[in-house]
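Examination of the molecular architecture
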Amino acid sequence: MNATPTLLVVDIQNDYFPGGRHPLHEPEAAARNARRLLDAFREREWPVVHVQHIALAPAATFFLPETPGAAIHELVRPAPGEPIVVSTGRTRSWAPGCSRPSAERARGRWSSSG
């Protein structure tokens, strides 16, 4: 059986870039690398799933709901039909050894909070 690879584009969001609430070191380089992979997957018509973190904790300072910083960065913005999995951090579903949502479950928007 030949399995088709699926690309997960995880948390490449505006708050990690200059001007955001939690800028990282050289996020542009990381986003450009992700974009190269994204272009290759799209060219081959392989599945792409985007993961967007939305912070719901009262003490959260970035990735806040309904803010520009929580938006997926323009370099890797989802194309029409590419699902977005919304991770709220309420569960440890992305931790090693824990279950992960499948691409089939990621149609449209799905929240890891339950």
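Going by the structure above, here's the rest.
Summary of the structure given here. Computed from a predicted structure; not experimentally measured.

**As for the environment of Asp11**
Structurally, Asp11 can be placed in the loop between β1 (7-10) and α1 (27-44). Along the backbone, Asp11 and Ala71 are 60 residues apart, and their C-alpha atoms lie at a distance of 9.3 Å. Setting aside residues up to four positions removed in sequence, Asp11 forms contacts with Tyr16, Val51, Gln52, His53 and Phe63.

**Describing the pattern of salt bridges**
Throughout the structure, instances matching the rule amount to two salt bridges. Between Asp39 and Arg35 there is a salt bridge, with the nearest N and O atoms lying 2.7 Å from each other. Taken together, the positions of Asp39 and Arg35, both in helix α1 and four residues apart, correspond to about one turn of that helix. One salt bridge connects Glu82 with Arg42, and the closest N-O pair in it is separated by 2.8 Å.

**Here's the deal with the pairing of β1**
Burial of the side chains of β1 is restricted to one face: Leu7 and Val9 are buried, whereas none of Leu8 and Val10 on the reverse face is. One ladder, built from four bridges, connects β1 with strand β2 (residues 48-53); its direction is parallel. Considered in β2, the bridge of Leu7 is made with Val48. Crossover connection from β1 via α1 to parallel β2: handedness right-handed.

**Looking at the packing of aromatic side chains**
Summed over the entire model, instances satisfying the criterion amount to four aromatic pairs. Residues Tyr16 and Phe62 carry aromatic rings whose centres are separated by 6.1 Å and whose planes lie at 50° to one another, so their mutual orientation is tilted. Taken as a pair, Tyr16 in the loop between β1 and α1 and Phe62 in the loop between β2 and β3 (84-87) lie far apart in primary sequence, 46 residues in all. Centre to centre, the rings of Tyr16 and Phe63 are 4.8 Å apart; their planes meet at 70°, and the pair counts as edge-to-face. Of this pair, Tyr16 sits in the loop between β1 and α1 while Phe63 sits in the loop between β2 and β3, placing them 47 residues apart in sequence.

Thresholds applied
- Residues numbered from 1 in each chain as written.
- Predicted model: local features only at pLDDT ≥ 70, side-chain atom pairs only at ≥ 80, totals over all residues.
- Heavy atoms only, no water.
- Helix = DSSP H or I, 4+ residues; strand = E, 2+ residues; numbered from the N terminus.
- Contact = heavy atoms within 4.5 Å.
- Salt bridge = Lys/Arg side-chain N within 4 Å of Asp/Glu carboxyl O.
- Buried < 20%, exposed > 50% of the residue type's maximum accessible area, 1.4 Å probe, protein only.
- Pairing = 2+ DSSP bridges.
- Right-handed = clockwise from strand over helix to strand, strands pointing away.
- Phe/Tyr/Trp six-rings, centres within 6.5 Å; stacked < 30°, edge-to-face > 60°.

These figures come from the coordinates and say nothing about function on their own.
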